[in-house]
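Take a look at the letters that make up each chain.
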Amino acid sequence: MATGDDYNIDDLFREAQSRWLKPVEVMYILQNHDKYQFTQEPPQQPTSGSLFLFNRRVLRFFRRDGHNWRKKKDGRTVGEAHERLKVGTVEALNCYYAHGEQNPTFQRRSYWMLDPAYEHIVLVHYRETSEVTLHNLILDKHDNSTLSY
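Below, the structure is looked at part by part. (Residues numbered from 1 in each chain as written. Predicted model: local features only at pLDDT ≥ 70, side-chain atom pairs only at ≥ 80, totals over all residues. Heavy atoms only, no water.)

Within the largest apolar cluster, 22 residues are counted, with the highest numbers of intra-cluster contacts made by Leu21, Val26, Ile29, Leu30, Leu93, Tyr111 and Leu123. At the level of elements, helix H1 (9-15), helix H2 (23-31), strand E1 (51-55), strand E2 (81-87), strand E3 (90-99), strand E4 (106-113) and strand E5 (121-128) are the ones that each hand at least two residues to this core. With five residues, the single largest contributor to this core is H2. For Leu30, the residues in contact, after removing those within four places along its chain, are Leu53, Leu93, Tyr111, Trp112, Met113, Ile121, Val122 and Leu123. (Core = buried A, V, L, I, M, F, W, Y, C linked by side-chain atoms within 4.5 Å. Buried < 20%, exposed > 50% of the residue type's maximum accessible area, 1.4 Å probe, protein only. Helix = DSSP H or I, 4+ residues; strand = E, 2+ residues; numbered from the N terminus. Contact = heavy atoms within 4.5 Å.)

Okay, structure coming up:
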């Protein structure tokens, strides 16, 4: 695991403007959450590169960010995919991600540790990516919409 000497939080926040953070970097921020300020209200229409740290015990509805996210087939619930990410060789993080309804290259990723003692600490990262995945192409074809480049 990373120690305090391995990362500079300001550098990580700068890097988050142009790329997704690596699992070890996310873990560092979550492990050192006490050194940083929590966001007290859900941000409204956060832009690409934005990072927010939430305490789910204080702010349950941190996902109410004003963006329209792709819905599940029921048409009501946001269709978030889930992955467990490894730090080194150990599964250590939950990652939930959603794609924009009108813009599939705009994404939100929410991370928290699998350790129950810290699962209430959430890091949310928003990014506009130029990556068009096979998953996006299939969903767009299913929705009868076209991609614009």
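By secondary structure assignment, the location of Glu25 is in helix H2. Since its relative accessible area comes to 5%, Glu25 is described here as buried. In this structure the side chain of Glu25 is engaged in a polar contact, spanning 2.9 Å, whose partner is the side chain of Arg19. Apart from residues lying up to four places away in sequence, Glu25 is in contact with Tyr7, Leu12 and Arg19. (Polar contact = N/O pair within 3.5 Å; in protein donor to acceptor, adjacent residues only side chain to side chain.)

Looking now at unusual backbone geometry. With the exception of glycine, most residues fall at negative phi, and the peptide bonds are largely trans. The backbone of Gln45 shows a phi angle near 55°, a positive value even though the residue is not glycine. By the element assignment, Gln45 lies in the loop between H2 and E1. You can call Gln45 partly exposed: its relative accessible area is 44%.

Turning to the pattern of salt bridges, a few remarks are in order. According to the stated counting rule, one finds eight salt bridges in the structure shown. Notably, a salt bridge pairs Arg14 with Asp11, separated by 2.5 Å at the nearest N-O pair. Residue Arg14 and its partner Asp11 are located together in helix H1, separated by three residues, close to a single helical turn. Arg14 gets classed as exposed once you look at its relative accessible area, which sits at 54%. Put simply, Glu101 and Lys71 hold a salt bridge, and the shortest N to O gap is 4.0 Å. In this pair, Glu101 is assigned in the loop between E3 and E4 and Lys71 in the loop between E1 and E2, connecting sequence segments 30 residues apart. Assessed through its relative accessible area of 33%, Glu101 is described here as partly exposed. On the accessibility criterion, Lys71 (31% relative accessible area) is partly exposed. (Salt bridge = Lys/Arg side-chain N within 4 Å of Asp/Glu carboxyl O.)

Attention now moves to the pairing of E2. In this structure, E2 lies alongside E3, joined through seven bridges in antiparallel fashion. Paired with Val87 across the strands is Val90, a residue of E3. Taking the residues between adjacent antiparallel strands as the criterion, E2 and E3 are bridged by two residues, where Gly88 takes a positive phi near 75°. (Pairing = 2+ DSSP bridges.)

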